[in-house]
Amino acid sequence: MHHMRALVSAVHRPMRVALGQPPTCLRLATLAARQTPIAARLPLGALPLPLVFRWFAKPMLLSQLRYRGVATDARADAAPAADSSQAGAGPEPPKKKRSRAVEFVEATKRLRWYWKVLIVLFELTIIEYLADKFFLGGTEYRTVVACGTLGRIALDYKLHYGPASWLSRHDDEDLHQRNAQRLCTMMKYNGGLYLKGGQALAMQGSILPREYQLLFGEMFDDAPAASWSEIRKVIEADFGGRSVEDVFGDGALARFEQEPRAAASIAQVHYARLADGTPVAVKVQRKNIAKEIKWDLWVSKLMFDYTAWSTGLPMAKVGEFLERCILPEIDFVHEAENADKLARLVADDESLRGRVHVPKVFHELSSDRVLTTEWIDGTQLWDKDVIQAPAPRPGMTKGERTGLGLRLSDTMETVLEVFAKQFFTWGFVHCDPHPGNILVRQHPKDPSKPQVVLLDHGLYVTMSPSFRSQYARFWKALVTDDDALLAQVAQEWGMESPEAWADATLMRPFKEKPNAQGQPFNRQAETSEERQQRMIEEARAYLGDEDVFPREMLLLERAITILQGNNRFLGSPVNRIKLLGKHAVLAVREGGFGEATTADALRTRVALCKLDLAFWWSRVRQYFGYGSGFEEEIKEAEERQMRETKDVIAELLGIVVD
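This report concerns the structure included in the present document. What you are looking at is a predicted structure, and each value in this text was computed from that prediction instead of being measured.

## Things to note about helix α24 (residues 576-590)
Compared with the 21 Å implied by 1.5 Å per residue over 15 residues, the 21 Å span of α24 between its first and last C-alpha is a close match. Buried residues of α24: R576, I577, L579, L580, G581, H583, A584, V585, A587 and V588, and no others.

Here it is, written out as structure tokens:
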């Protein structure tokens, strides 16, 4: 405190009282000191103005004090005494009072070295924080938050989970609930790719306990919303400084809600009415999301490169591919073009026209970070109670629950058919079909039939004709058990074995190979090292030759998995594998991708009939309470693979899982 008071007095009192009106340069130094009272009191300063004071203002202050004749060091104080002794006559002149600036300088010299180290570390921390915030998009801070949360979760499980817990064992449901809440809160706070990761986990019910899946489901449209001031700034910046009222209208019918109707990982949606009363949905990007996603992608690319280097897996180019696919998602002009293209494809398809709707884009009210489309009143795909509830009709009792009055099978069949067309006919695939991006409403011409509305057209994959033909033949081989065709497609993709992708696509049991002694493979006898090595080898077979393997398969498989999760959530009302396989067979036949012989046609019909029998048998068992549906039964392989993933994670965290 003594050093602080000394500097304040050195800046204010000597300059105003002892020196009179200081020159302009000294007034600037005084102003700099006044603007940074806390940092200026530190001997070494802090950024940004304290460094200016240390390097410029303080030396100038001392030079001005010397120029005005005020003592600035001990030698100047001793000079009058020496002169008076030499004169030898007259009374000794009074000593000049020691300058506060001198006291400040001497106090600085008396600081212990560890205080100086602490101050330097504090300055470096401030510099790092400012650089991360304004240049790195907060990547480092968000990474620290993520690592801290994961570390806290891991410690909580070590202390309270399983029979070998370090402390008292807690109830598993309570433990999963609180840690799921921690992880969910962290992902919502970090936003960007963290939210997309949470959405992906929400679709994978086998990876994490049920408590995680339920909480992660909130991330589809319940992400933290940005403030209205930030949204207004984004709109004004993208429309040349024009106000929101000027852009969207300011008449009696015009309206722009400041509270968003939905908030997602990249943007949030506001309801608005134009000057003519037209309702629109205004999707506004978060202010710094572009910078955050770019740095997150860069970090993920480093992680893929490190994984490829450390394990030998062909993953070095996966990061670059994801970067090319995800970056266009933050360009709303690109999203508007995708929406227009899909709308044209749907309108030209007679079987889907009217059953599928893509909201109209208002290009004159859209920009790089603002997308304006028609407003759609609909129900999310996972809200099956509302979809199935009876539609309002005359004579209904008050309080009786109403909904759309639609069948889940008709709804899911429409969803799967539009995506089957994308996979095998158009080669233009919406790769983010999670339930928040699919709305359901009554058909405008036939209220007993559903109309599916597709939203969020940022993440797409465009398939080349050759790759589309390979993918159609791949699916045909899967549903018809044509091992020769499957091996042929796998060879074209540079894969050693197609079984890994067959497992991932159909969720069918893995074809176990015997061990070296010719005996059945026993997973229970594996050591942890053998299990990790086997998983690495399976992943290597899954990815294939890095130079030949089509990396679009990663996003296509993601879309297939999400569709499978949607169908399973609704109770498996549709035979997903048969429907997709049927469209694949038609694409092979109509596109001339393979010879259509009588034997081939017969084999295809038999395979599809087998799928029908398996599906309806599961439906009968489900009706009598002996099953949960077709999708639940065929996901046994997925359960096994995800259980192995849990085991590896548990081993890495040192957790003993029951």
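## A look at the pattern of salt bridges
It is possible for side chains bearing opposite charge to pair when their charged atoms get close. This structure, assessed with the given rule, holds 15 salt bridges. Its salt-bridge partner being R242, residue D246 comes within 3.2 Å of it at the nearest N-O pair. Taking the relative accessible area as the measure of exposure, D246 reaches 45% and is therefore partly exposed. The shortest N-O distance in the salt bridge between D349 and K421 comes to 3.2 Å. In this pair, D349 sits in the loop between α16 (332-348) and β5 (356-357) while K421 sits in helix α18 (residues 408-426), placing the two residues 72 residues apart along the sequence. Taken together, the shared-partner salt bridges connect D156, R178 and R182 into one network.

## Some thoughts on the packing of aromatic side chains
Throughout the structure, instances matching the rule amount to 15 aromatic pairs. Pairing F248 with F256 gives two aromatic rings, centres 5.2 Å apart and planes at 55 degrees, and the pair type is tilted. The same class applies to F248 as to F256, namely buried. With 6.3 Å between their ring centres and 25 degrees between their planes, Y471 and F474 make a pair best called stacked. Of this pair, Y471 and F474 both sit in helix α19 (residues 465-480), three residues apart, which is roughly one turn of the helix. According to the relative accessible area criterion, Y471 is buried, its value standing at 1%. Taken together, the ring pairs in this structure connect F423, F424, F467, Y471, F474, W475 and W493 into an aromatic cluster. Positioned above the aromatic ring of F362 is the side chain of K360, whose terminal nitrogen or guanidinium carbon lies 5.2 Å from the ring centre.

## Some words on the pairing of strand β4 (residues 279-285)
Among the seven residues that make up β4, six are buried, leaving the element largely enclosed by the rest of the structure. Where strand β3 (residues 267-273) and β4 come together, seven bridges link them in antiparallel fashion. Among the inter-strand pairings, H270 is bridged to a residue of β4, identified as V282. The antiparallel hairpin formed by β3 and β4 contains five residues in its connecting segment, where G277 sits at a positive phi of about 90 degrees. By the bridge criterion, five bridges tie β4 to strand β6 (residues 370-374) in an arrangement that is antiparallel. Bridging across to β6, K283 finds its partner in L371.

Definitions and limits used
Residues numbered from 1 in each chain as written. Predicted model: local features only at pLDDT ≥ 70, side-chain atom pairs only at ≥ 80, totals over all residues. Heavy atoms only, no water. Helix = DSSP H or I, 4+ residues; strand = E, 2+ residues; numbered from the N terminus. Expected span 1.5 Å × (residues − 1). Buried < 20%, exposed > 50% of the residue type's maximum accessible area, 1.4 Å probe, protein only. Salt bridge = Lys/Arg side-chain N within 4 Å of Asp/Glu carboxyl O. Phe/Tyr/Trp six-rings, centres within 6.5 Å; stacked < 30°, edge-to-face > 60°. Lys NZ or Arg CZ within 6 Å of the ring centre and 35° of its normal. Pairing = 2+ DSSP bridges.

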